[in-house]
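Descriptive structure summary
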Amino acid sequence: MDHVDRITAQWNRERPDLDTGPMGLLGRLARLRNHLARETEKVFAGHGINMAAFDVLATLRRSGAPYRLSPGDLLATTMVSSGTMTNRLDQLEKAGLIERMHNPEDRRGVIIALTDKGLALVDAAVESHVQNQHRLVAALSPGERDALDGLLRTFLSKFE
């Protein structure tokens with residue numbers, strides 16, 4: 001019996017008229033997300049960044065050389081508000097991890113680019129991140145991971 005089982009058992013005792021099945025599923029997903037986020041943040045902290053910074057740096061890195069995107073493309077990929085993105089970019093620029101450049105196709109616009117320092121950092125961080133992800137799913141067999149991935153893909157597709 002886990003923490004979520006105890007909560008649903010209490011609800012079942014107090015309100016036997018309610019079907020708490022979804023509460024168990026969604027409660028476990030929420031608790032799992034919190035555990036995974038804490039473990040992930042530890043890895044990024046070891047590189048002097050947080051998950052939000054990694055999100056921007058990784059988006060630039062996986063865009064391919066020359067590792068440049070417009071602020072609009074970054075916004076579309078990361079799904080945060082423009083104010084939040086501006087703040088993230090300011091902090092990353094201050095740390096020397098990105099630079100704002102004039103857009104060669106539109107001199108009124110800017111392009112966000114990884115610096116050499118940013119590229120080195122994100123490459124090191126993503127290696128640690130992937131190793132950590134392997135550690136985090138190690139309790140599941142390859143078949144269980146595949147089955148869970150398929151179920152979560154189906155569930156997520158209903159929202160996206």
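Owing to the predicted nature of the structure, the values given are computational and were not obtained by experimental measurement. (Residues numbered from 1 in each chain as written. Predicted model: local features only at pLDDT ≥ 70, side-chain atom pairs only at ≥ 80, totals over all residues. Heavy atoms only, no water.)

1. What about the pattern of salt bridges?
The tally for this structure, following the rule as stated, stands at 11 salt bridges. Between glutamate 39 and arginine 135 there is a salt bridge; the shortest N-O distance is 2.7 Å. Residue glutamate 39 is found in helix α2 (residues 21–45), and its partner arginine 135 is found in helix α6 (residues 116–136); the two are separated by 96 residues along the sequence. Of the charged contacts, one joins aspartate 123 and arginine 61 as a salt bridge, the two residues approaching to 2.7 Å between their closest N and O atoms. Remark: arginine 61 occurs in helix α3 (residues 51–62) and aspartate 123 occurs in helix α6; sequence separation between them is 62 residues. The partly exposed category is assigned to aspartate 123, whose relative accessible area is 25%. Overlapping salt bridges, with partners in common, bring together Asp2, Asp5 and Arg28 in one network. (Salt bridge = Lys/Arg side-chain N within 4 Å of Asp/Glu carboxyl O. Helix = DSSP H or I, 4+ residues; strand = E, 2+ residues; numbered from the N terminus. Buried < 20%, exposed > 50% of the residue type's maximum accessible area, 1.4 Å probe, protein only.)

2. Points about the UniProt feature "domain: HTH marR-type" (unreviewed entry) in the chain
UniProt annotation of "domain: HTH marR-type" (unreviewed entry) refers to residues 22–157 when read in the numbering used here. The span residues 22–157 shows a helical share of 69% and a strand share of 12%, and its end C-alpha atoms are spaced 17 Å apart. (UniProt positions renumbered as here; feature names shortened; annotations may be inferred.)

3. Quick notes on the packing of aromatic side chains
The full count for this structure, using the stated rule, is 2 aromatic pairs. Ring plane angle 20 degrees and centroid distance 4.3 Å describe the contact between phenylalanine 44 and phenylalanine 54, whose orientation is recorded as stacked. Of this pair, phenylalanine 44 sits in helix α2 while phenylalanine 54 sits in helix α3; the two residues are 10 residues apart in sequence, bridging distant segments of the chain. The exposure class of phenylalanine 54 is buried, given its relative accessible area of 9%. Note on phenylalanine 155 and phenylalanine 159: the rings are 5.6 Å apart at their centroids and 70 degrees apart in plane angle, and the pair reads as edge-to-face. (Phe/Tyr/Trp six-rings, centres within 6.5 Å; stacked < 30°, edge-to-face > 60°.)

4. A closer look at the side chain of threonine 8
Looking at where threonine 8 falls in the secondary structure, it is placed in helix α1 (residues 3–14). At a separation of 3.1 Å, a polar atom in the side chain of threonine 8 contacts the main-chain carbonyl oxygen of aspartate 5. Setting aside anything within four residues of it in sequence, one finds threonine 8 in contact with Thr20, Met23 and Gly24. (Polar contact = N/O pair within 3.5 Å; in protein donor to acceptor, adjacent residues only side chain to side chain. Contact = heavy atoms within 4.5 Å.)

5. As for the pairing of strand β2 (residues 98–103)
Two elements, β2 and strand β3 (residues 106–114), share 6 bridges in a ladder whose sense is antiparallel. Note on β3: the bridge partner recorded for methionine 101 is isoleucine 111. Where β2 folds back onto β3 in an antiparallel hairpin, the turn is made up of 2 residues. (Pairing = 2+ DSSP bridges.)

6. Thoughts on the nonpolar core
Counting 21 residues, the largest nonpolar core has Ile49, Leu57, Leu60, Leu74 and Ile98 as the members making the most contacts within it. At the level of elements, α3, α5 (82–94), β3 and α6 are the ones that each hand at least two residues to this core. At 6 residues, α3 tops the list of elements feeding residues into this core. Apart from residues lying up to four places away in sequence, leucine 57 is in contact with Ile49, Leu92, Leu97, Ile98, Leu114, Leu121 and Val122. (Core = buried A, V, L, I, M, F, W, Y, C linked by side-chain atoms within 4.5 Å.)

7. A closer look at the sheet that holds β2
Here 3 strands make up an open sheet; going across it, the order is β1-β3-β2 and the pairing antiparallel. For this open sheet the edge positions go to β1 (68–69) and β2, each flanked by a neighbour on one side alone. Across the face of the sheet, α3 comes into contact with β1, β2 and β3 while running at roughly 100 degrees to β3. Strands in contact with α5 are β2 and β3; relative to β2, the strand with the most contacts, it is inclined by about 110 degrees. (Axes fitted to C-alpha atoms, helices over the stretch in contact; angles between N-to-C directions.)

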